[in-house]
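# Overview (structure and organization)
Listed here are the chains, written in short residue letters.
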Amino acid sequence: MNIKDKKIAIVGGGPGGLTLARLLQQEGFIVKVYERDINKDARVQGANLDLHEESGLAALKKANLLDAFYANYLPDAGKLRILDNNGKIHLDDHENEHIAEHRPEIDRGPLRKILLESLQPETVVWDSQFVSMKRENDGWLLLFKNEKEYYADIVIGADGANSKIRPYLSDIKAIYSGVTIVEGNIYDANKKCAQYF
Ligand SMILES: Cc1cc2nc3c(=O)[nH]c(=O)nc-3n(C[C@H](O)[C@H](O)[C@H](O)COP(=O)(O)OP(=O)(O)OC[C@H]3O[C@@H](n4cnc5c(N)ncnc54)[C@H](O)[C@@H]3O)c2cc1C
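Residues numbered from 1 in each chain as written. Predicted model: local features only at pLDDT ≥ 70, side-chain atom pairs only at ≥ 80, totals over all residues. Heavy atoms only, no water.

### Examining the nonpolar core
Quick reminder of the rule: Nonpolar cores are built from buried Ala, Val, Leu, Ile, Met, Phe, Trp, Tyr and Cys residues. Side-chain atoms within 4.5 Å join them into one set. Throughout, exposure labels follow a simple rule: accessible area from a 1.4 Å probe, protein chains only, divided by the maximum for the residue type, with under 20% read as buried, over 50% as exposed, and the rest as partly exposed. Secondary structure elements are defined from DSSP: runs of H or I of at least 4 residues count as helices, runs of E of at least 2 residues count as strands, and each element is numbered from the N terminus. When checking whether two residues touch, look at their non-hydrogen atoms; a contact exists if any pair is within 4.5 Å.
Within the largest apolar cluster, 22 residues are counted, with the highest numbers of intra-cluster contacts made by Ile 10, Leu 18 and Leu 60. Elements represented by at least two residues in this core include exactly β1 (7-11), α1 (15-26), β2 (30-34), α2 (56-62) and α5 (108-118). It is α5 that contributes the most residues to this core, 4 residues altogether. In contact with Leu 18, other than residues within four places in its own chain, are Gly 13, Val 33, Arg 112, Leu 115, Leu 116, Leu 119 and Val 124. Ranked by size, the runner-up nonpolar core spans 11 residues in total, among them Val 125, Phe 130, Leu 142 and Ile 165.

Structure, rendered in structure tokens:
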């Protein structure tokens, strides 16, 4: 069978899985993305990502999505200012004009929207939480939490840090690295904390 006739399943519709789906579809491959979220609006996507020239930006360039990226990016979000609870500034790189150019930031929500809209209709199969898979013919039968089953010739794991695909490839288990990040947001910060802008 020609590789372009094979069914490719990407498990996980984050930035990695969706970008790969776009790149494969551009080359004429048959791709489905199985994502556990029940639909595209199921949850807030989280904070912004900075994209680097050699990785994220290079991938978007190959995907012909750089224009869409620059229509949605956050020019000043790469700049950092660290204040203590009294508003005293301990670090301020707002004068650094070059940061945003080298690794421009975008919110995960708009990035996901750009990628979703670049895919062929019905590419993403929502509400598909991968549970397990077993060999069938030359490929795999994938089983999902909603008890649906789909066949694929090739399976790609893009289901994030706690991947359920990884155990099929490696015995190595994820370990806690000892680092915890606590993240918080001040909504409407430019109004509520106007004195610091
Ligand atoms: C606090 C923080 C800040 C970060 N900042 C940056 C940054 O500035 N720049 C940067 O490049 N990276 C950053 N990263 C890393 C970035 O988040 C990851 O590199 C990126 O999200 C990886 O994308 P992904 O598509 O591989 O996985 P994910 O974004 O984790 O997406 C995985 C997708 O798979 C789905 N999924 C999970 N399990 C299943 C399942 N069983 N079945 C089906 N679907 C499933 C999830 O719902 C999700 O949609 C940061 C990470 C953290 C935690």
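### A closer look at the sheet that holds strand β10 (residues 149-152)
Inclusion rule: A pair of strands is labelled paired if DSSP reports no fewer than 2 bridges between them. Under this scheme, a helix contributes an axis fitted over its contacting stretch, all axes are lines through C-alpha atoms, and angles between N-to-C directions fall in the 0 to 180 degree range.
The 3 strands lie next to each other as β8-β9-β10, forming an open sheet whose pairing is antiparallel. Each edge of the open sheet is held by one strand with a lone partner, namely β8 (130-136) and β10. Going from strand to strand, the sheet's axes swing by 25° on average, the running direction of each strand aside. Two elements, β8 and strand β9 (residues 139-144), share 6 bridges in a ladder whose sense is antiparallel. From the neighbouring strand, Met 133 faces β9, where its bridge partner is Leu 142.

### Side note on the environment of Gly 78
Note on placement: Gly 78 falls in the loop between α3 (66-72) and β4 (81-83). C-alpha of Gly 78 to C-alpha of Asp 138: the two residues are 60 residues apart in sequence and 46 Å apart in space.

### Examining α5
Count 3.6 residues to each turn of an α-helix, and residues three or four apart come out pointing the same way. By the burial criterion, the buried members of α5 are Leu 111, Arg 112, Ile 114, Leu 115, Leu 116 and Ser 118. Looking at the buried residues of α5, the elements they touch are α1, β3 (48-50), α2, α3, β6 (105-107) and β7 (124-125).

### Notes on the sheet that holds β7
The 4 strands lie next to each other as β7-β2-β1-β11, forming an open sheet whose pairing is parallel. Unpaired on one side and paired on the other, β7 and β11 (154-157) mark the two borders of the sheet. As paired strands, β1 and β11 are joined by 4 bridges and run parallel to one another. Of the residues in β11, the one forming a bridge with Val 11 is Gly 157. Across the sheet, α1 is in contact with β1, β2, β7 and β11; its angle to β2 comes to roughly 165°.

### Regarding the pattern of salt bridges
Rules: Salt bridges are defined by distance alone: a side-chain nitrogen of Lys or Arg within 4 Å of a carboxyl oxygen of Asp or Glu.
Enumeration according to the criterion identifies 6 salt bridges in this entry. Note that Asp 41 and Lys 40 form a salt bridge whose closest N and O atoms lie 3.3 Å from each other. Lys 40 gets classed as partly exposed once you look at its relative accessible area, which sits at 48%. Ionic pairing is found between Lys 113 and Glu 117, a salt bridge with its closest N-O pair at 3.1 Å. You can see Lys 113 and its partner Glu 117 sitting in helix α5, 4 residues apart, about one turn around the helix. Overall, Glu 117 belongs to the exposed group, its relative accessible area being 59%. Each of the salt bridges in this network shares a partner with another, and the network as a whole consists of Glu 35, Asp 37 and Arg 112.

### Comments concerning the site of the ligand
Where we set the bar: It suffices for a single heavy atom of a residue to lie within 4 Å of a molecule or strand for the residue to be listed as near it. Counted as a polar contact is a pair of N or O atoms within 3.5 Å, where, for protein atoms, one must be capable of donating a hydrogen and the other of accepting one, and residues adjacent in sequence contribute only when both atoms are in side chains. Accessible areas in this description were obtained via Shrake-Rupley with a 1.4 Å probe; residue shielding takes into account the shown protein chains only. Three categories are distinguished: nonpolar for Ala, Val, Leu, Ile, Met, Phe, Trp, Tyr, Cys and Pro, charged for Asp, Glu, Lys and Arg, and polar for the others, with Gly belonging to the last.
Taken together, 25 residues lie near the ligand, and Gly 16, Glu 35, Asp 50, Arg 108 and Phe 130 sit nearest. A distance of 2.9 Å separates a nitrogen atom of the ligand from a polar atom in the backbone of Phe 130. Expressed as a share of its isolated accessible area of 990 Å², the protein-covered part of the ligand is 64%. Secondary-structure elements contributing two or more residues to the shell around the ligand are α1, β3 and α5. Taken together, the residues of the shell around the ligand sort by class into 6 nonpolar, 9 polar and 10 charged.

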